[in-house]
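Single-letter residue listing:
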Amino acid sequence: WAVLYLNVFQDLDEVFERLTKSLEIDPSYDWTHALLGDYYSRTAQENDDPTSKEQALQKAAEHYSQAYELTSPRDQSTQFNYLLVLANTHILLDQPLLAVEAYEQALDLDVNSQDRWRIEETIGRVYAQMGDIEKALFWLTRALMSAPEEERERLQSMVVQIEAQR
């Protein structure tokens, strides 16, 4: 029901009430934590106050992390998805090293994702923004090698631009 209230009715008060009750019943259910992460992410999006937005994103990151930790190691696809939303939340929190760590953990999982190159590109972009040219080039080159043909020219251009910063 919480998903319905979050995504269809967009009633955040009802979502929070239902997820809090779910957490009381079973605090070790990973999906409840993931949905709480989504709830706090949505709360952050709808908040104009920078402090409140940051607090909501921090709570979202905590719940996504908890969801990842509670997921069975056999369910690597779910772990992969939790790590991606966790990494994206760290980006929004301006925590690039924590974002890279989560992205790298996602790549370490044995998940057959056709979008691995996109994650590698994102890691490369994060390192480029941090000024770590060598790591940026490493990750962008990896992305370039596995990206679909239609993306390679764009990635090659990015690599050339970053190499010029050496």
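All values derive from a computational prediction rather than experimental measurement. (Residues numbered from 1 in each chain as written. Predicted model: local features only at pLDDT ≥ 70, side-chain atom pairs only at ≥ 80, totals over all residues. Heavy atoms only, no water.)

(A) The pattern of salt bridges, seen in detail. In total, this model carries seven salt bridges according to the counting rule given. Salt-bridge contacts for Glu 120 lead to Arg 142; the nearest nitrogen and oxygen are separated by 3.3 Å. With a gap of 22 residues between them, Glu 120 in helix H7 (residues 116-130) and Arg 142 in helix H8 (residues 133-146) connect regions that are remote in the sequence. Glu 120 gets classed as buried once you look at its relative accessible area, which sits at 5%. A salt bridge links Glu 121 to Arg 125; the nearest nitrogen and oxygen atoms lie 3.1 Å apart. In this pair, Glu 121 and Arg 125 are both assigned in helix H7, four residues apart and thus about one turn of the helix distant. (Salt bridge = Lys/Arg side-chain N within 4 Å of Asp/Glu carboxyl O. Helix = DSSP H or I, 4+ residues; strand = E, 2+ residues; numbered from the N terminus. Buried < 20%, exposed > 50% of the residue type's maximum accessible area, 1.4 Å probe, protein only.)

(B) Geometry of the nonpolar core. In this structure, Phe 80, Leu 83, Tyr 103, Ile 119, Ile 123, Leu 155 and Ile 162 are the most contacted members of the largest nonpolar core, which totals 48 residues. Contributing elements (two or more residues each) for this core: helix H2 (12-25), helix H3 (30-45), helix H4 (50-70), helix H5 (76-92), helix H6 (96-108), H7, H8 and helix H9 (149-163). Apart from residues lying up to four places away in sequence, Tyr 103 is in contact with Leu 84, Ala 87, Asn 88, Ile 91, Ile 119, Thr 122 and Ile 123. (Core = buried A, V, L, I, M, F, W, Y, C linked by side-chain atoms within 4.5 Å. Contact = heavy atoms within 4.5 Å.)

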